[in-house]
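Reading the structure
This is what each chain is made of:
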Amino acid sequence: MEIKEYIREFTIKDIVRVRNPKVVAFGGGTGLSVILRGLKKYTNRLTAIVTVGDDGGSSGKLREDLGILPPGDIRNCILALADDENVMQALFNYRFDKGRLEGHNFGNLFLAAMTGISADFYDAIRRTSDVLQITGTVLPVTLDDMTLVGELANGEIIEGESKIPKAAKAAHTHIKRISLKTPAAALPETLDAIKSADIIIMGPGSLYTSVIPHLLIDGIEETIKSSTAQKFYVGNIMMQPGETIGYTQADHIRALEAHQQIKNKGPLFDNVVVNDGALSSEMLKQYAKIGSKPVKIGQELLPYRYIKDNFVVQKDKHVRHDADLLAKRIFEVYMGDRKKTV
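Residues numbered from 1 in each chain as written. Predicted model: local features only at pLDDT ≥ 70, side-chain atom pairs only at ≥ 80, totals over all residues. Heavy atoms only, no water.

The name an unreviewed UniProt entry assigns to the protein chain is Putative gluconeogenesis factor, from the organism Candidatus Pseudoramibacter fermentans. The Sequence similarities (unreviewed entry) field of the UniProt record for the protein chain holds the comment "Belongs to the gluconeogenesis factor family." The UniProt entry for the protein chain carries the following text under Function (unreviewed entry): "Required for morphogenesis under gluconeogenic growth conditions." (UniProt positions renumbered as here; feature names shortened; annotations may be inferred.)

Section: the domain arrangement of the protein chain
Interface size, as often reported, equals the accessible area lost upon joining of the parts. You can read the domains of the protein chain as domain 1 (22-51 + 177-341) and domain 2 (55-138). The centre of domain 1, based on its C-alpha atoms, is set 24 Å off from the matching centre of domain 2. Each partner contributes to the interface: domain 1 provides 16 residues, whereas domain 2 provides 14 residues. Its largest share of buried area at the contact with domain 2, domain 1 owes to Arg 37, Lys 40 and Val 50, together 36% of the area lost on that side. The tally of links between domain 1 and domain 2 comes to 0 salt bridges. The dominant element in the side of domain 1 that touches domain 2, judged by the number of residues it contributes, is helix α2 (residues 29-39), at 5 residues. Looking at side-chain class alone, the side of domain 1 that touches domain 2 contains 6 nonpolar, 7 polar and 3 charged residues. (Domains from an automatic or database assignment. Contact = heavy atoms within 4.5 Å. Buried area = accessible area lost by both parts, 1.4 Å probe. Salt bridge = Lys/Arg side-chain N within 4 Å of Asp/Glu carboxyl O. Helix = DSSP H or I, 4+ residues; strand = E, 2+ residues; numbered from the N terminus. Nonpolar A, V, L, I, M, F, W, Y, C, P; charged D, E, K, R; others polar.)

Laid out in structure tokens, this is it:
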């Protein structure tokens, strides 16, 4: 790294750390937990807001058996904000592979047990976060039962987060619209975090089952639109079978816009962060086996500002966002716009 670039990078991180902006990041699945690892290096006033519609795997079993909200995505975000060297990381990620606990994750079981001795699921998350001494805060988007309902292009109605993309894939069709089985209200602490944020980030993650569901919760969209924070949408690098096969980044944004309840208060975001880097031929072949390809940018929609870079990290047969570069580019934009208003 050249000395000028080193000084520039140091200055950005140093200034951002001094300002310590309040950052709110929305998501679910693995996408949110990945980018949190980059964001936490710039600020300790970081809030992860997580969907709670998961009904598959260990989370789904605990949700059905115990009547609690699904802990899996919450657990991933707590671990992402914890000390990377903490021995509890390995423990919370441990998955049982035999006996009656087969398939269950210890972290999920811990959160389930903590819920049993706490006032509610939010209190259990707070206490678990204290145990792991995380940087920032993890909040569920709602404490209400969040059951997703998907309308497919062929008219079929499917209930359940894990079942919707499977049904779309099996029917060789696509998801037309996502809704909630019953209304759900945002957690007050979640709305407070949005109101006080300097930066709001949504994505990456499964478009219809992790990202859009936030907009279905009463109070979320209106509070985001009313915020004066810099707002970023982080586009997915790869198409997702059952959800976004054949989609460009423009198609992702149009789907988000179509699910907005308030149409007359302008766009939900200021900036769209997209990948323009290439994948290796080996990785392309790996993803082709499941019918997936990189998401092309497509038409650049107005009035959004596009932030492009090679955000690809290829590791262990998976493609992920470069969390450090992503955080750097987001804070560069934030600091640049802040200078214009000072």
